[in-house]
Amino acid sequence: ALLGVVTAYQPEDRVLLGDLICGAKPCLSSKSKYYVPHNKFANTTYPPYLGTAYLMSRDTLMELHRAAQHTRTFPMEDVFVTGILAGISGIQPRDHPGFSSRHWRLDYCSVVRTVTTHRVTPEEMVQVWQRLQEAIMVDRLGRKKPEDRSAKEEQKLLRGRRGCAGKEKGWLKRKRLLLSCLITG
């Protein structure tokens, strides 16, 4: 999934992608590890920022680095880098369905499109790994692997226009049936 995301953009694009969080409020409880005193951040809500993990281009990194040289640090790195510094730099953080701060379903379609997720137990990680290994065997039967798809094909998949959410051809229906047996079995 990550390779498809990376190759979908041109080198000159200012990329800042992840799980976009909007309208989050600073934690005012001094007992919380997320506590932010009013003197560190006076606004009632954080700027839109990317949580859990994010992907950025080199140009974006350089611009955020320049902005950081003249900006007071902030204790929450994701808010600081992808919200505050991005805002100063005029870079808009963008939501991408492959990044998630929430727990996802344990099915093939969700897993192969996921770059990162959150709150996954060690047992679930093992299950996902096993199911992906089983699915690789299905890929050897003729389905295009993510790394063999063009950037355009990958973007269509991410938008839900093909693959799991789209109209299926006969060969894809057969592979899906086999996959569903592997995944649910």
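Residues numbered from 1 in each chain as written. Predicted model: local features only at pLDDT ≥ 70, side-chain atom pairs only at ≥ 80, totals over all residues. Heavy atoms only, no water.

Trainee: Before we go on, may I ask you to explain the pattern of salt bridges in this structure?
Mentor: In a structure, side chains of opposite charge can pair up when their charged atoms sit close to one another. One pass over the structure, following the stated rule, counts one salt bridge. For the salt bridge of E63 with R14, the shortest nitrogen-to-oxygen distance reads 2.7 Å. Highlighted residues: E63 in helix α2 (residues 58-68) and R14 in the loop between α1 (2-7) and β1 (16-21), separated in sequence by 49 residues. According to the relative accessible area criterion, E63 is buried, its value standing at 18%. (Salt bridge = Lys/Arg side-chain N within 4 Å of Asp/Glu carboxyl O. Helix = DSSP H or I, 4+ residues; strand = E, 2+ residues; numbered from the N terminus. Buried < 20%, exposed > 50% of the residue type's maximum accessible area, 1.4 Å probe, protein only.)

Trainee: What should I look at first to understand the side chain of T82 in this one?
Mentor: Mapped onto the fold, T82 is located in helix α3 (residues 77-89). The exposure class of T82 is buried, given its relative accessible area of 0%. A distance of 2.6 Å separates a polar atom in the side chain of T82 from the backbone oxygen of D78. Setting aside residues no more than four positions away along its own chain, T82 makes contact with L16, P48, Y49, L50, Y54, E77 and P93. (Polar contact = N/O pair within 3.5 Å; in protein donor to acceptor, adjacent residues only side chain to side chain. Contact = heavy atoms within 4.5 Å.)

Trainee: How do you make sense of the layout of surface pockets when you look at a structure like this?
Mentor: Any empty space left between the atoms is revealed when a probe the size of a water molecule rolls over them. Taken as a whole, the second largest pocket holds about 390 Å³ of empty space. Along its surface, the second largest pocket is lined by 14 residues, and Y34, Y49, T52, M76 and D78 are the ones closest to its centre. Those elements that place two or more of their residues in the lining of the second largest pocket are β2 (49-56) and α3. Split by residue class, the lining of the second largest pocket holds seven nonpolar, four polar and three charged. (1 Å grid on protein atoms, 1.4 Å probe; cavity = no way out; pocket = protein on both sides within 12 Å on 5 of 7 lines; lining within 4 Å. Points joined across faces, edges and corners; volume = space filled by probe spheres on them. Nonpolar A, V, L, I, M, F, W, Y, C, P; charged D, E, K, R; others polar.)

Trainee: Can you help me understand the packing of aromatic side chains in this one?
Mentor: Aromatic rings in a pair are described by how distant their centres are and how their planes are angled relative to each other. Taken as a whole and judged by the stated rule, the model has four aromatic pairs. A centroid spacing of 5.1 Å and a plane angle of 55° characterise the contact between F41 and Y46, whose relative ring orientation is tilted. For the pair F41 and Y46, a shared accessibility class is recorded, and that class is buried. Members of the aromatic cluster, connected to one another through ring pairs, are F41, Y46, Y49 and F74. (Phe/Tyr/Trp six-rings, centres within 6.5 Å; stacked < 30°, edge-to-face > 60°.)

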